[in-house]
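Each chain is listed here by its residues.
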Amino acid sequence: MDTRSPIEIRALRYLAQREYSRRELEQKLAAHRDSLATETLAAVLDKLEQQGFLSEQRMVEQVARTRRSRFGSQRIVHELKTKGIDGHLIDGILPTLKETELEAALNIWRKKFDHPPATREERGKQTRFMMNRGFSMEIIQKVLSHASEEST
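Remember, it's a predicted structure, so these values are computed and weren't measured experimentally.

Trainee: Tell me about the packing of helix 7 (residues 101-112) against helix 8 (residues 120-132), and name the residues and values.
Mentor: Helix packing for two helices is described by the angle between their axes and how far apart those axes are. Helix 8 packs onto helix 7 with a crossing angle of 130 degrees between their chain directions and a minimal axis gap of 11 Å. On the basis of their axis angle, the class for helix 7 and helix 8 is oblique. With respect to the hand of their crossing, helix 7 and helix 8 are arranged in right-handed fashion. For the pair formed by helix 7 and helix 8, the contact residues are Ala105, Ile108, Trp109 and Lys112 on the first element and Gln126, Phe129 and Met130 on the second. Looking at the contact of helix 7 with helix 8, its residues break down into five nonpolar, one polar and one charged.

Trainee: Before we move on, could you go through the packing of aromatic side chains and cite the residues and values that matter?
Mentor: What characterises a pair of aromatic rings is the spacing of the ring centres plus the angle enclosed by the ring planes. Across all of its chains, the model carries two aromatic pairs by this definition. Taking the centre distance of 5.4 Å and the plane angle of 90 degrees together, the rings of Phe113 and Phe129 count as edge-to-face. Taken together, the positions of Phe113 in the loop between helix 7 and helix 8 and Phe129 in helix 8 put the pair 16 residues apart, joining distant regions of the chain. With respect to class, Phe113 is no different from Phe129; both count as buried. One residue, Arg18, lies across the ring of Tyr20, its end atom 4.0 Å from the ring centre.

Trainee: Describe unusual backbone geometry, with residues and values.
Mentor: Note on backbone geometry: most residues besides glycine have negative phi, and most peptide bonds are trans. The backbone of Asp114 shows a phi angle near 60 degrees, a positive value even though the residue is not glycine. Following the sequence through the fold, Asp114 ends up in the loop between helix 7 and helix 8.

Trainee: Describe in detail helix 2 (residues 22-30), supporting the description with residues and values.
Mentor: Spacing of three or four residues puts side chains on the same side of an α-helix, whose turn is 3.6 residues. Regarding helix 2, the residues found buried are Arg22, Glu24, Leu25 and Leu29. Seen from one end, helix 2 has its buried residues packed into an arc of 160 degrees, which puts them on one side.

Trainee: Tell me what's going on with the pattern of salt bridges, and back it up with residues and numbers.
Mentor: As enumerated under the stated definition, the model contains nine salt bridges in all. Where Glu79 meets Arg67, a salt bridge forms, and the shortest distance between an N and an O atom there is 2.9 Å. Residue Glu79 is found in helix 5 (residues 73-82), and its partner Arg67 is found in helix 4 (residues 56-67); the two are separated by twelve residues along the sequence. When its relative accessible area of 28% is taken as the criterion, Arg67 is described as partly exposed. When the shortest N-O distance is used, the salt bridge between Lys83 and Glu79 registers 3.8 Å. For the pair formed by Lys83 and Glu79, the shared burial category is buried. One salt-bridge network, in which partners are shared between bridges, spans Arg18, Glu24, Arg67, Glu79 and Lys83.

Trainee: Break down the side chain of Glu101 for me, with residues and values.
Mentor: Residue placement: Glu101 occurs in helix 7. No salt bridge is formed by the buried Glu101, whose closest oppositely charged neighbour, Arg68, lies at an N-O distance of 4.2 Å. Side-chain polar atoms of Glu101 contact the side chain of Ser73, separated by 2.6 Å. Residue contacts for Glu101: discarding those within four places in its chain leaves Arg68, Gly72, Ser73, Gly134, Phe135 and Ile139.

Trainee: Which residues make up helix 5, and what values go with them?
Mentor: Buried within helix 5 are the following residues: Ser73, Ile76, Val77, Glu79 and Leu80. Axial view of helix 5: buried residues confined to an arc of 160 degrees, hence all on one face. Counted as exposed and oriented over 90 degrees from the buried face of helix 5: His78 and Lys81. On its buried face, helix 5 is in contact with helix 4, helix 6 (87-99) and helix 7. Positive backbone phi, approximately 85 degrees, marks Gly84, located one or two places after helix 5.

Cut-off values and rules
Residues numbered from 1 in each chain as written. Predicted model: local features only at pLDDT ≥ 70, side-chain atom pairs only at ≥ 80, totals over all residues. Heavy atoms only, no water. Axes fitted to C-alpha atoms, helices over the stretch in contact; angles between N-to-C directions. Helix = DSSP H or I, 4+ residues; strand = E, 2+ residues; numbered from the N terminus. Parallel < 35°, antiparallel > 145°, perpendicular 65-115°, else oblique. Left-handed = near helix turned anticlockwise from the far one by under 90°. Contact = heavy atoms within 4.5 Å. Nonpolar A, V, L, I, M, F, W, Y, C, P; charged D, E, K, R; others polar. Phe/Tyr/Trp six-rings, centres within 6.5 Å; stacked < 30°, edge-to-face > 60°. Buried < 20%, exposed > 50% of the residue type's maximum accessible area, 1.4 Å probe, protein only. Lys NZ or Arg CZ within 6 Å of the ring centre and 35° of its normal. Arc of directions from axis to C-beta. Salt bridge = Lys/Arg side-chain N within 4 Å of Asp/Glu carboxyl O. Lys, Arg positive; Asp, Glu negative; His and termini not counted. Polar contact = N/O pair within 3.5 Å; in protein donor to acceptor, adjacent residues only side chain to side chain.

Structure follows, in structure tokens:
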């Protein structure tokens, strides 16, 4: 016999698919709570955290791992902030992101361009692309100078 409430069952279904931050899961469940009180939703989320089903630390690690191959640390940090992740958890993952940043930027740049910019317009295009992916100007300049060195 299952003693879980319908909202808790729905939350577990969501968490079985992927990791969620508390705020994301709360927003998702709020649409389905019908006449459920906010305190009840908060109690369900607290219970899931205590049981280890809801973990923002795991969520941060998952986002960093899956997004690293496509985005820079600035974009990943922005995404985590919009998901409602605490600053101390973001600060904890930032050193790991920073140490792999240049390698990730080079891989992304090679996949998209694979040749150094020949004109000023091309350099601007490549720079904007990398900035939109969340890389700092310092990293972008290192990538472009590394590409120029490789081609000569």
